[in-house]
Structure formats: structure tokens, C-alpha cells
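# Inside the fold
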Amino acid sequence: MIDVTVENFEAEVVAASMNVPVLVDFWAPWCGPCKSLGPVLEKLETDYAGRFKLVKIDSDQEQQLAGMFGIRSIPTCVLLMNGQPVDGFMGALPEGQVRAFLDKHVPTADELEAEAEEEAAQEALADGDTGTALEKLQHAVATDPANDEARFDYVKLLLTLGREDDAKVAFAPVIAKAAGSRRIGALKLWMDALDFVAASAYGESAGAEFDAKIAANKRDFDTRYARARWLIARQRWTDAMDELLEILMRDKAWGDEIARKTYVAILEIIEPPKVKVADGQIPPDDPVVATYRRRLSSVVLS
């Protein structure tokens, strides 16, 4: 528990809430209900073991902060996440009700463990250690099966390493979400491209075959799209997007806009993983992704 003033509010509340939910307890020394709520909050901070941070603000001494939050009575608690108030309650609630309030917002222990494993996996990937990354992501998915971000990264890494069968097994629990999730749908599109190429028996020499057909008819969109899928299967992402742009420049609506949808899916696949940045700063865009997003917008909006 930390006492917060105007001087340390930015660091202890706003910046801290970028990494962990921060519960702000507005109280005063003369307030009877505050004295009964305080120990409950401190006990829960211990019980939740770092899953949220408790800070206290003396509303008499820090009237500027109390006014900023529109505090009308005390005790009042406000929960901040990512620098913004997201919920709160007034009065000295019993422990069970405060737990219920926290559980609506605070990550579970399994979710925190999975998040930590995912972050460790990304660090391992940055160091070129795919073995450790795969192990960490597998553990993250096993610990928190509902973590679609970890599952996306796990399936993506399996596909990148050519472990298609393992990827399909890991993907099976979320396949029903493919139609409603852009990221999960992108993985399905990748696996569908692999299946298409395998069923069509396109080999390394297929490129020359595609080129000859396209040279004879630049509006042979079936061949162009087949070539894009062949390139996807070989993880030649920018070449695949270049081919899809050729379709879009000639017919944006062809195949129920399948060229645009496939292009967007590739952007989801090659987008670098999100990383936490101090003070809420936004990391710069990946230059390749940014360039190809601009190209898509230019063609689609033309």
C-alpha cells in the first residue's frame, strides 16, 4: 500500500496502471467507514499477490486529486487500468463484495503466468532461441487456454517452423472463432494455403508455370490467387502481397474481395508482437507492415 500525493501520482498511479490495475482508495483520518475498509483492502492486496496495486489518497490533504476524480463522499475507490479509470465503488463494502469487484477486472494468477511466459517467449525469439520460445508459448497456452494471443503466437511459431500437424492440433480449440477473429482467421488462411498447395502438388518449379499463365492473361485472377497462396505456403509474405495487389488493382471485388481479405490476413501474420512500453508510449510501426498497409490503402481507396 502506498500513500499518493500530487507529486507522485503520475508515477505511482498513471504509469503503474499501464502494467497492473491500480486501486485508488480515497479516505480521510476522521472517516469511520474508511477505517473499516482500509484493512480489507490491504488484506486483499496481499491475497492477490501482485495482481493489483493498492494506493491511498487522503482526500483532505490532496483536494486537487479528489477534485480531479469528482470525489463526493468517502471512502470511494477507483480502479485504473492503462492510465484510465475503468470502475469504482463507494462505501465500506464487505470483503466478499470487494473481491467480486476486483475479479471483474484483475487478471487471474493463471493469466498472469501465461502473460509472463508469452513475454519470455518473445524475448527468446528476439535472441533467436526458437526452442525456448516454443516451450514458453506451449506452457502459456496450457496454463491459460483462453489466452488467444498466446495461442496465436504458438500456432504461428509452429507453422513458421514447418510443424503443420502440431499447429493444427494447437489450433483446433479456436477454429470456431476463425470467422469472427481477424487474427485467428489469418492462421486458418495460412493453413488452408498449405493444404491447397499440398493437394495441388505445386513444387518449387510452380513459379515458372504461374508466370507463363499470367503473362498470357494478366487478368487470370485464379492463377494469380493460386500463386499468392503458393507464396504464402513458402512464407514469402511480401511477394504474396505484391501478387494480391496486382489483383486488387484490376478488380477489387473479385472473388468476394478475397484478395483484400488475404492481404489483410498476411499483415496480421507478419505484424510483430505487441510489447509493453513505459509511460504508455506507442512503439513505432514495423516499416514493412507500415509500407504494405499504405499500399493497400492506396489501391483500395483509388
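First things first, this report covers the structure right here in the doc.

Definitions and cut-offs
- Residues numbered from 1 in each chain as written.
- Predicted model: local features only at pLDDT ≥ 70, side-chain atom pairs only at ≥ 80, totals over all residues.
- Heavy atoms only, no water.
- Pairing = 2+ DSSP bridges.
- Helix = DSSP H or I, 4+ residues; strand = E, 2+ residues; numbered from the N terminus.
- Contact = heavy atoms within 4.5 Å.
- Axes fitted to C-alpha atoms, helices over the stretch in contact; angles between N-to-C directions.
- Parallel < 35°, antiparallel > 145°, perpendicular 65-115°, else oblique.
- Left-handed = near helix turned anticlockwise from the far one by under 90°.
- Salt bridge = Lys/Arg side-chain N within 4 Å of Asp/Glu carboxyl O.
- Buried < 20%, exposed > 50% of the residue type's maximum accessible area, 1.4 Å probe, protein only.

## Overview of the pairing of strand β5 (residues 84-90)
With six bridges connecting them, strand β4 (residues 76-81) and β5 associate as antiparallel partners. Its bridge partner lying in β5, Cys77 is registered against Phe89. Two successive antiparallel strands, β4 and β5, enclose a turn made up of two residues, where Asn82 displays a positive phi of approximately 55 degrees.

## Examining the environment of Ile71
Tracing the backbone through its elements, the reader meets Ile71 in the loop between α3 (63-68) and β4. Along the primary structure Ile71 and Ala92 are separated by 21 residues, whereas in three dimensions their C-alpha atoms are 15 Å apart. Setting aside chain neighbours within four positions, we find Ile71 in contact with Phe26, Ala66 and Thr76.

## Regarding the packing of helix α11 (residues 221-233) against helix α12 (residues 237-250)
Each pair of packed helices can be summarised by the angle the axes make with each other and by the distance between the axes. For the pair α11 and α12, the least separation of the axes is 8 Å and the interaxial angle reads 160 degrees. On the basis of the axis angle, α11 is roughly antiparallel to α12. Considering how the two elements wind past one another, α11 and α12 form a crossing that is left-handed. Residue-level inspection shows Phe221, Arg224, Tyr225, Arg227, Ala228, Leu231 and Ile232 of α11 in contact with α12, the latter providing Trp237, Asp239, Ala240, Glu243, Leu244, Glu246, Ile247 and Arg250.

## Some thoughts on the pattern of salt bridges
Under the criterion given, the structure shown has 24 salt bridges. The salt bridge partner of Asp47 is Lys43, with a shortest N-O separation of 2.8 Å. Of this pair, Asp47 and Lys43 both sit in helix α2 (residues 32-47), four residues apart, which is roughly one turn of that helix. Relative accessible area serves as the criterion here: at 38%, Asp47 is assigned to the partly exposed category. Judged by its relative accessible area of 39%, Lys43 falls in the partly exposed class. Lys104 is paired through a salt bridge with Asp87; the nearest N and O atoms lie 3.4 Å apart. Here Lys104, found in the loop between α4 (95-103) and α5 (109-126), pairs with Asp87, found in strand β5; they are 17 residues apart in sequence, far enough to count as distant. The exposure class of Asp87 is partly exposed, given its relative accessible area of 25%.

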